[in-house]
Amino acid sequence: MTGAKRKKKSVLWSKMHMPHCEDFKQWCRRRLPILEWATHYNLKENLLPDTVSGIMLAVQQVTQGLAFAVLSSVHPVFGLYGSLFPAIIYAIFGMGRHVATGTFALTSLISANAVERLVPLNSQNLTTQSNTSVLGLSDFEMQRIGVAAAVSFLGGVIQVAMFVLQLGSATFLLTEPVISAMTTGAATHVVTSQVKYLLGMKMPYISGPLGFFYIYAYVFENIKSVRLEALLLSLLSIVVLVLVKELNEQFKRKIKIVLPIDLVLIIAASFTCYCTNMENTYGLEVVGHIPKGIPPPRAPPMNILSAVITEAFGVALVGYVASLALAQGSAKKFKYSVDDNQELLAHGFSNVIPSFFFCIPSAAAMGRTAVLYSTGAKTQVACLISCIFILIVIYAIGPLLYWLPMCVLASIIVVGLKGMLIQFRDLKKYWNVDKIDWGIWVSTYIFTICFAANVGLLFGVVCTIVIVIGRFPRAKTLSIKNMKEMEFKVKTEMDDETLQQVKIISINNPLVFLTVKKFHTDLMNIIQKENANNQPLDEISKCEQNTLLNSLSNGICNEEATQPCLNQKCSLILDCSGLTFYDYSGVSMLVEVYTDCKNKSVDVSLVHCTASLIKAMKYWGNLDSEKPIFFESVSAAITNIHLNKNLSKLSDHSEI
């Protein structure tokens, strides 16, 4: 008997712990998104646009790789490696179809702090004479890339640890004003770091608190050391880049392939510098020797991990926040979903694995994502194709870039940050929508430029949480009335008797960044169930008990309300009487709901809105000006629905 029990127990134990094949396949598809989209890849429709996008992306990757490697205080060739390996890793693990991972200005600037602190420039004299067997580079250069690789490795480990702890769901704390202010402030730092190359000045590395202001103080104190040739070449490069990119943007619908002005400028500047010998004649600083090939992998120096932990946390947080914002933006634009936790895993591996191949920290960049948008990329195949061309540069074309002036490379960096810098225009938007978010933006930006990007990000998150905690106790909700969902059935006399359903939903909570995702999910679930038209109404009306949406009851249910609705046009009334306060994210979500419903042929009306909410929504979104959507009461909104139905009926009869 004991043996039988033991045998039965062992069988149950094996069943509990033996993974099913289907579960394993599902886990692989969830953690390796490439298995999901690669099996459904349409060669006929997607290969050509992905190839064109891959070629254009390769140009951007090469130029930014060289530039951001210099920004990270390492040899330019390591930027080419940083444009290759992270893109391959992200294509396997990432969910963003239009996200191009590679070198990134903000993470490069953060890692430069560790490089300059642990391997300062004045130590070069001690290692210049000895060269390593790795690509013929000096020990000084290898020590520097070792520090940068250690930052990348530890930053990736932190991101993977965040994935294990499922901290991706905490990204709701990163509101749009905080991310916008942090990235704008960090872009300002990057532009400041390039001033010495733009002006052709020799300048010591300056960092730390208020380092932003010390750099400009040094520039004005040594203004006489500016090289006029470098300044003129920088100005000419910036003007050409901005002008051509604006023309590309205006005519991108008429021409399928835009002019790769970055590549053209690099070739023209290198050729001119070679022919005129600008390095010796005018003293212009050039990129220098770029060795061929990829060295064998080597582990980052583990003995310095404790010394770079501050920069590693900065790389992990700033890189992930900026990349996730781009992934979510592309997912929203092209109607697919992105898992926040899976993105942590993808970017973590994109930092850990490439660190063994002498790569600097990586993340997604706005400029590269914009290239994929404008050239019509469909999948991550575009990024994989770009890697082929990057390999060609590494093994064949790289040494030809010896004569590229550093001031031209700095100009490419500055112009490439245009997308981040023009976020200053968001200030007007925040002021008109929610002045508290405007204050958060300004204060986060100030903290970022005074200290660092990670400090500004932390301040913005803490400031946002404190403000929300202070505002929530003043919130008055309508949930105490215990309102239930109710449908109004309006019969109209037409050729075929149709049934129009009016669904009234009361918003009974503050609509802020903490609640917008839940609000959108609940509301879309209700609308999708109504559009299905294949379930009884009793089943359709079932919602989660903890929903943010409590529906408004204004009548008595009858037997007809329990029948499925056929051939009906749905109208949605949002009662905002319980919406006591909102922020920028809340207004943005209301406009998004209105747009989504309009695209699904669902008429939306908002009642009991405050004057400030109406003003904010009209400013934020292009609302339908032909039809009124704001009403003083529910009855006024229903009357308007009746009126529109009668007008539609009369117009149809007149056409007949």
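Residues numbered from 1 in each chain as written. Predicted model: local features only at pLDDT ≥ 70, side-chain atom pairs only at ≥ 80, totals over all residues. Heavy atoms only, no water.

Peer 1: Help me out: how do you make sense of the pairing of strand β6 (residues 570–575) in this one?
Peer 2: Two faces belong to every sheet, and in a regular strand the side chains alternate between them. For β6, the tally of buried residues reaches six of six residues, placing the bulk of the element in the interior. Residues Cys570, Leu572 and Leu574 point to one face of β6 and Ser571, Ile573 and Asp575 to the other, with burial holding for every one of them. Sheet analysis places β6 next to strand β7 (residues 603–607), joined by five bridges and oriented parallel. The residue of β7 that forms the bridge with Ser571 is Asp603. (Buried < 20%, exposed > 50% of the residue type's maximum accessible area, 1.4 Å probe, protein only. Helix = DSSP H or I, 4+ residues; strand = E, 2+ residues; numbered from the N terminus. Pairing = 2+ DSSP bridges.)

Peer 1: Even after reading the chapter, I still don't get the confidence of the model for the protein chain, so can you show me in this structure?
Peer 2: Should the pLDDT be low somewhere, the predicted coordinates at that spot are not to be read in detail. Of the residues in the protein chain, 81% reach a pLDDT of 70 or more, and the chain-wide mean stands at 80. For the stretch residues 475–499, pLDDT sits under 50, and the model shows 73 contacts to residues farther than four places along the chain or on other chains. (pLDDT = per-residue confidence, 0-100. Contact = heavy atoms within 4.5 Å.)

Peer 1: Could you clarify how one ought to interpret the packing of helix α4 (residues 43–71) against helix α17 (residues 381–397) in this entry?
Peer 2: Two packed helices can be described by the angle between their axes and the distance between those axes. In contact at an axis separation of 7 Å, α4 and α17 are set at 50° when each is read in the N-to-C sense. As judged from the angle between their axes, α4 and α17 are oblique. In the packing of α4 onto α17, the handedness of the crossing is right-handed. Mapping the contact onto sequence places Asp50, Thr51, Ser53, Gly54, Ile55, Leu57, Ala58, Gln61 and Val62 in α4 and Val381, Ala382, Cys383, Ile385, Ser386, Phe389, Ile390 and Val393 in α17. For the contact of α4 with α17, a count of residues per class yields 11 nonpolar, five polar and one charged. (Axes fitted to C-alpha atoms, helices over the stretch in contact; angles between N-to-C directions. Parallel < 35°, antiparallel > 145°, perpendicular 65-115°, else oblique. Left-handed = near helix turned anticlockwise from the far one by under 90°. Nonpolar A, V, L, I, M, F, W, Y, C, P; charged D, E, K, R; others polar.)

Peer 1: Explain the environment of Val315 to me, please; I cannot follow it from the model alone.
Peer 2: Relative to the helices and strands, Val315 resides in helix α14 (residues 309–334). Residue Val315 is classed as buried on the basis of its relative accessible area of 0%. In the structure, Val315 is positioned 48 residues away from Ala363 in sequence and 8.8 Å away in space, judged by C-alpha atoms. Those residues in contact with Val315 that sit more than four places away from it in its chain are Thr107, Ile110, Val151, Gln159, Tyr320 and Pro361.

Peer 1: What's the story with the nonpolar core in this structure? I'm lost.
Peer 2: Within soluble globular proteins, side chains that are nonpolar generally end up buried alongside one another. Counting 102 residues, the largest nonpolar core has Phe78, Tyr81, Ile145, Val190, Val408, Leu409 and Leu417 as its most contacted members. For this core, the element with the most residues is helix α7 (residues 139–164), which contributes 12 residues. Aside from chain neighbours lying at most four places away, what touches Phe78 is Leu137, Glu141, Met142, Ile145 and Phe358. Core analysis: the next-biggest nonpolar cluster, separate from the first, contains 39 residues, Tyr445, Leu574, Tyr582 and Leu590 among them. (Core = buried A, V, L, I, M, F, W, Y, C linked by side-chain atoms within 4.5 Å.)

Peer 1: Any chance you could explain the side chain of Asp583 here in plain terms?
Peer 2: The residue Asp583 is located in the loop between β6 and α25 (584–599) in this model. Note on Asp583: relative accessible area 5%, which makes it buried. There is a polar contact of 3.0 Å between the side chain of Asp583 and the backbone nitrogen of Gly586. Leaving out residues up to four positions away in the same chain, Asp583 has contacts with Asp434, Asp437, Arg471, Leu511, Val512 and Phe513. (Polar contact = N/O pair within 3.5 Å; in protein donor to acceptor, adjacent residues only side chain to side chain.)

Peer 1: Would you explain a nonpolar patch on the surface in this entry?
Peer 2: Judged by side-chain polarity, Ile55, Ile388, Phe389, Ile392, Ile397 and Leu400 come together as a nonpolar surface patch covering roughly 530 Å² of accessible area. Here Ile392 shows up in helix α17. Judged by its relative accessible area of 40%, Ile392 falls in the partly exposed class. (Patch = residues over 30% accessible without salt bridge, like charges linked within 9 Å, V, L, I, M, F, W, Y side chains within 5 Å. Areas by Shrake-Rupley, 256 points an atom, 1.4 Å probe, with all protein chains shown as cover. Salt bridge = Lys/Arg side-chain N within 4 Å of Asp/Glu carboxyl O.)

Peer 1: What am I meant to see in the packing of aromatic side chains here?
Peer 2: Aromatic ring pairs: the centre-centre distance and the angle between the two ring planes describe each pair. One pass over the structure, following the stated rule, counts 17 aromatic pairs. Taking 5.6 Å as the distance between ring centres and 65° as the angle between the ring planes, the aromatic pair formed by Tyr274 and Trp403 counts as edge-to-face. Pair noted here: Tyr274 is in helix α12 (residues 261–276) and Trp403 is in the loop between α17 and α18 (406–416), with a separation of 129 residues, a long-range link. Residue Trp403 is classed as partly exposed on the basis of its relative accessible area, which comes to 21%. Pairing Tyr402 with Trp403 gives two aromatic rings, centres 5.1 Å apart and planes at 70°, and the pair type is edge-to-face. (Phe/Tyr/Trp six-rings, centres within 6.5 Å; stacked < 30°, edge-to-face > 60°.)

Peer 1: Explain the side chain of Ser72 to me, please; I cannot follow it from the model alone.
Peer 2: By the element assignment, Ser72 lies in the loop between α4 and α5 (77–93). Not counting the four nearest positions on each side in its chain, Ser72 is found in contact with Ser108, Ser111, Ala112, Val115, Ala148 and Ile360.

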